[in-house]
Amino acid sequence: MSAQLESLGNNELAEEIEAINAIYEPDTVTINSTAASSSTVSSTLDLGNSGSTGPLAATVKLQIPEHSHLSFILGFDASYPDTPPKVLGTASTASRGEGKIAVDVLEDILGRTYQPGAVCLFDVINEAVEAFRELNIGGSSNNENNKEQEEERDTPDLKAEDIASLSLKESFGLDNPPDWILSDVVTEKKSVFVGRAAHVTSLEQAQAYLDYLLATEKKVAAATHNISAWRIRQQKPSNGKGESAEMIVQDCDDDGETAAGGRLLHLMQLMDVWDVVVVVTRWYGGVQLGPDRFRIINAVGRDALMKGGFVKESTPGGNEKGKKKGKK
């Protein structure tokens, strides 16, 4: 952990910032100050929302991923995560008039996401990316918008969603992008782990989801390991009479983390989950974790499965012997 993060004096906040900057860009969350500073607060928009009853222990700038012109100043007091962050204002917007709307949206997301005692920035960022995309806030500057509008006049009359759908179908054979359910982020000795799970109905769909993930999420593609496992009850025609039969498909991929895929698959067998693909991404932090890495890999994988509602009921495990060596 860097000296700047240690200067926060709040390990949970420091680890959360370190994890977010490992998953997104390194400057997604940057520290402005580690003590209450009138100059920091006065440089942000005064939106009348600073209901702080005490001095702030730290202020940070939050850059919203995929929205290069939209960033916020957030304040944290010393008791975070027992108390929520405060939205102090915007640090940058794409155009005039967006600041108040953007702050209102982020405060609404924060109010719905924050739970006392639990860090919340990762969930806030995930929701904010989608919300600001739908509202078309912070995506580009006015000059860039003007250029895009001029280019649109010279292009054929194709809708953006048609182009995206065509590319998705041609490139990956998918009608819609994967609906991943994410686990909580776990940081252990500078290594960062996150799990995700999605419903699938065939091996081809599972492989297409994995291909899409690596092609569209550059941080995931650049991770040290992307361990995956899948269990599918796939229907296939059995004869020319139109009858179908069930084919069991289950396998895993270690992606260089020996035996991790087999352990993840075995977890799925013990939990008796079907028609799911699970991916656990690890960004190595430079410190070897030993056997603990397998515990964390399974923990975030399990968390994603639970959050996605893929576990129907608790199943006492132990009889299945489902470990398989990962395949590419």
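Residues numbered from 1 in each chain as written. Predicted model: local features only at pLDDT ≥ 70, side-chain atom pairs only at ≥ 80, totals over all residues. Heavy atoms only, no water.

- Named according to an unreviewed UniProt entry, the protein chain is UPF0029 domain-containing protein originating from Aspergillus oryzae.
- Under the heading Sequence similarities (unreviewed entry), UniProt records this for the protein chain: "Belongs to the IMPACT family."
- In UniProt, the protein chain has this text filed under Subcellular location (unreviewed entry): "Cytoplasm". (UniProt positions renumbered as here; feature names shortened; annotations may be inferred.)

Structural notes on helix α4 (residues 98–113)
For an α-helix, the turn length of 3.6 residues means that residues three or four places apart are oriented alike.
Alright, step 1. Compared with the 22 Å implied by 1.5 Å per residue over 16 residues, the 22 Å span of α4 between its first and last C-alpha is a close match.
Alright, step 2. Within the span of α4, buried status applies to Glu98, Gly99, Ala102, Val103, Val105, Leu106, Ile109, Leu110 and Thr113. For α4, the angular spread of the buried residues around the axis is 165°, confining them to a single face.
Alright, step 3. Taken together, the buried residues of α4 touch β3 (71–76), β4 (86–92) and α5 (121–135). (Helix = DSSP H or I, 4+ residues; strand = E, 2+ residues; numbered from the N terminus. Expected span 1.5 Å × (residues − 1). Buried < 20%, exposed > 50% of the residue type's maximum accessible area, 1.4 Å probe, protein only. Arc of directions from axis to C-beta. Contact = heavy atoms within 4.5 Å.)

A word on the nonpolar core
Alright, step 1. Judged by nonpolar contacts, the single largest core of 42 residues is most densely connected at Leu8, Ile64, Phe72, Leu74 and Phe132.
Alright, step 2. Looking at this core, the elements that each hand over two or more residues are α2 (11–23), β1 (29–33), β2 (58–63), β3, α4, α5 and β7 (191–199).
Alright, step 3. If you tally residues by element for this core, the top one is α5, at 8 residues.
Alright, step 4. Those residues within four positions of leucine 74 in sequence are excluded, and the remaining contacts are Ala58, Thr59, Val60, Leu62, Lys86, Val87, Leu88, Leu106 and Leu121.
Alright, step 5. With 23 residues, the next largest nonpolar core counts Met268, Val278, Leu305 and Phe310 among its residues. (Core = buried A, V, L, I, M, F, W, Y, C linked by side-chain atoms within 4.5 Å.)

Comments concerning the packing of α4 against α5
Alright, step 1. Between α4 and α5, whose axes approach to 10 Å, the crossing angle comes to 140°. Our classification of the angle between α4 and α5 gives oblique. Viewed along their axes, α4 and α5 form a crossing whose handedness is right-handed. In this structure, α4 uses Ala102, Val105, Leu106, Ile109, Leu110, Arg112 and Thr113 to contact α5, whose residues at the interface are Asp123, Val124, Glu127, Ala128, Ala131, Phe132 and Leu135.
Alright, step 2. Tallied by class, the residues present in the contact of α4 with α5 amount to 10 nonpolar, 1 polar and 3 charged. (Axes fitted to C-alpha atoms, helices over the stretch in contact; angles between N-to-C directions. Parallel < 35°, antiparallel > 145°, perpendicular 65-115°, else oblique. Left-handed = near helix turned anticlockwise from the far one by under 90°. Nonpolar A, V, L, I, M, F, W, Y, C, P; charged D, E, K, R; others polar.)

So, unusual backbone geometry
Alright, step 1. Put simply, tyrosine 80 and proline 81 share a cis peptide bond, and its omega is 15°.
Alright, step 2. With respect to the element layout, proline 81 can be found in the loop between β3 and β4.
Alright, step 3. Backbone geometry places aspartate 272, a non-glycine residue, at a positive phi of 55°.
Alright, step 4. Locating aspartate 272 in the fold gives a position in the loop between α10 (260–271) and β10 (276–283).
Alright, step 5. A positive phi angle, near 60°, is found at aspartate 275, a position not held by glycine.
Alright, step 6. Along the chain, aspartate 275 falls in the loop between α10 and β10.

Remarks on the packing of aromatic side chains
Alright, step 1. Under the definition given, this model contains 5 aromatic pairs.
Alright, step 2. Pairing phenylalanine 76 with tyrosine 80 gives two aromatic rings, centres 4.9 Å apart and planes at 75°, and the pair type is edge-to-face.
Alright, step 3. Residue classification places phenylalanine 76 among the buried residues on the basis of a relative accessible area of 1%.
Alright, step 4. A centroid spacing of 5.2 Å and a plane angle of 75° characterise the contact between phenylalanine 172 and tyrosine 212, whose relative ring orientation is edge-to-face. Within this pair, whereas phenylalanine 172 is found in helix α7 (residues 160–172), its partner tyrosine 212 is found in helix α8 (residues 203–216), the two being separated by 40 residues in sequence.
Alright, step 5. It is arginine 231 that lies over the ring of tryptophan 274; its NZ or CZ is 3.8 Å from the centre.
Alright, step 6. Note that arginine 263 overlies the ring of phenylalanine 294, its terminal NZ or CZ placed 4.1 Å from the centroid. (Phe/Tyr/Trp six-rings, centres within 6.5 Å; stacked < 30°, edge-to-face > 60°. Lys NZ or Arg CZ within 6 Å of the ring centre and 35° of its normal.)

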